[in-house]
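Survey of secondary and tertiary structure
Residues per chain are reported as follows:
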Amino acid sequence: MSFGQGGPQSQWDPWKPNSQQQPWSAGGQSPDWAALAEASEARNKRRRLLFIGGGALATVAIGAAVAVAVVSANGNSTASNQPGTRLPSTADIPSRSATAPSFAPTSAPPPLDPKDFIASKKKDTAPLDVGSLFPGTQLTMGDTVYKKGPTADTGNCANAAGRSLPKILEANDCTRLLRVTYTKGGIAVTVGVAVFDTEAQATRTKNDADSKSIVKSLSGGGIKDFCNAAVCRSTTNSYGRYAYFTIAGFANGNDVTSKDTEVFTTGDDLAEFAFRQIRRRGEAQASAAANE
């Protein structure tokens, strides 16, 4: 005699959800616990295999991603399908320094020396005359203003020089001598610039000159003769292929003494101006050459 509805009864599986527990039989028969234990062990073993298999697949996937990343950094897209076991060696991976740009050492060219352009006739080709060398109608040095007087330009250097200077100019082949006179109050100064073909000739002229080597004073345009018979103060110097001279004294013919510092200052100012003008010629030609 059976209980409940007809048909086979479902077997209860303690590890399977929604399975129906099999009731105790009327005869008091107990479940087969050994069979149940074996079934449970088999299910656990299958789960462990699934976990191990899934982990291995994840490891392979990560290895492939690393391979793609490394190969992509190397710019080789065809290697992106390679497995993780085919990763490039350390030597194949470019280092940071291998891709850094390198530049050859460079340096700015040295500036052109203005003196080089006035050291010889060959390079000193800019126009030269008294007007460009001593421009304007007056000269200002600091707070002092000097009025420009007569000018002269000759190819016979000896005729524009006095005492021992003519022979020195001839011996060193002077080609030209430009002169200008400036005045301030009762003081007059003549500046003379002698031109040579080379710097060596101008330097020898300066070295050969002595206390008796003077440029002739230049009068005219309201300026009377000066420094023809009186004691005057003179200077001699050179720069590049030019030698330049000054002679300074009183316009009224008085002798210059060591106490007449204003005459000394006037002569020094005009000598400094002559040097600046000669150097400016070199600067202008050096600048033009640098911009070519």
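In what follows, the accompanying structure is described. (Residues numbered from 1 in each chain as written. Predicted model: local features only at pLDDT ≥ 70, side-chain atom pairs only at ≥ 80, totals over all residues. Heavy atoms only, no water.)

Here's the deal with the overall build of the chain
Helix and strand counts for the chain stand at six helices and eight strands. When the helices and strands of the chain are placed in sequence order, the string is α-α-α-β-β-β-α-β-β-α-β-β-β-α. Within the chain, buried positions represent 31% of all 292 residues. A sequence separation of at least 24 residues applies to 65% of the contacts in the chain between residues at least 6 apart. For the chain, the computed accessible surface area is about 18700 Å², with 53% contributed by carbon and sulfur atoms. (Helix = DSSP H or I, 4+ residues; strand = E, 2+ residues; numbered from the N terminus. Buried < 20%, exposed > 50% of the residue type's maximum accessible area, 1.4 Å probe, protein only. Contact = heavy atoms within 4.5 Å. Areas by Shrake-Rupley, 256 points an atom, 1.4 Å probe, with all protein chains shown as cover.)

With respect to the pairing of strand E4 (residues 176–184)
In terms of burial, E4 is largely enclosed, as seven of its nine residues are buried. With six bridges joining them, strand E2 (residues 144–154) and E4 adopt antiparallel strand pairing. Following the sheet pairing, Thr151 is matched in E4 by Val180. Pairing analysis gives nine bridges linking E4 to strand E5 (residues 187–195), with the strands arranged antiparallel. From the neighbouring strand, Tyr182 faces E5, where its bridge partner is Val189. Adjacent in sequence and paired antiparallel, E4 and E5 are bridged by two residues, among which Gly185 carries a positive phi angle near 60 degrees. (Pairing = 2+ DSSP bridges.)

What to know about the sheet that holds E5
Here we have six strands laid out as an open sheet, ordered E1-E2-E4-E5-E8-E7, and antiparallel in their pairing. Across the chains shown, the open sheet's two edge strands, defined by having one partner strand only, are strand E1 (138–141) and strand E7 (233–239). Pairs of neighbouring strands in the sheet enclose a mean axial angle of 25 degrees, with direction left out of account. Here nine bridges tie E5 to strand E8 (residues 242–250), and the two strands are oriented antiparallel to one another. Bridge pairing in E8 links Val193 to Tyr244. Against the sheet, helix H5 (residues 199–208) contacts E7 and E8, and its axis sits at roughly 155 degrees relative to E7. Contacts between helix H6 (residues 261–290) and the sheet are confined to E1, E2, E4, E5, E7 and E8, with E8 contributing the most and set at about 155 degrees to the helix. (Axes fitted to C-alpha atoms, helices over the stretch in contact; angles between N-to-C directions.)

With respect to H5
Residue pairs spaced three or four apart in an α-helix point in one direction, given the helix's 3.6 residues per turn. Within H5, the full set of buried residues consists of Gln201, Ala202 and Thr205. The buried side chains of H5 occupy one side of the element, clustering within an arc of 100 degrees when seen end-on. Next to the buried residues of H5 lie helix H4 (165–171), E7 and E8. (Arc of directions from axis to C-beta.)

Some thoughts on unusual backbone geometry
One non-glycine residue, Asp173, lies in the positive phi region at around 60 degrees. In this fold, Asp173 is placed in the loop between H4 and E4. Positive phi, normally seen in glycine, also occurs at Cys227, with a value near 60 degrees. Classification of Cys227 as buried rests on a relative accessible area of 11%.

Remarks on the nonpolar core
Membership of the largest hydrophobic core comes to 27 residues, with the highest contact counts inside it found for Phe134 and Tyr182. At the level of elements, helix H3 (130–133), E1, E4, E5, E8 and H6 are the ones that each hand at least two residues to this core. Residues contacting Tyr182, with those up to four places away along its chain left out, are Phe134, Leu139, Tyr146, Lys147, Lys148, Ile187, Ala188, Val189, Leu270 and Phe273. Of all hydrophobic cores here, the second largest spans 20 residues; its members include Cys157, Ala161, Val215 and Ile223. (Core = buried A, V, L, I, M, F, W, Y, C linked by side-chain atoms within 4.5 Å.)

Re the state of the cysteines
Every disulfide links exactly two cysteines, by a covalent bond between their sulfur atoms. This model, assessed by the stated rule, comprises two disulfides. Shown here is the disulfide that connects Cys157 with Cys174, its sulfur atoms set 2.1 Å apart. Across the disulfide from Cys157 to Cys174, rotation about the S-S bond amounts to roughly -70 degrees, and the bridge is consequently left-handed. Taken together, the positions of Cys157 in the loop between E2 and strand E3 (161–163) and Cys174 in the loop between H4 and E4 put the pair 17 residues apart, joining distant regions of the chain. For the pair Cys157 and Cys174, one class covers both residues: buried. Sulfur-sulfur distance for the disulfide between Cys227 and Cys232 comes to 1.9 Å. (Disulfide = S-S within 2.5 Å.)

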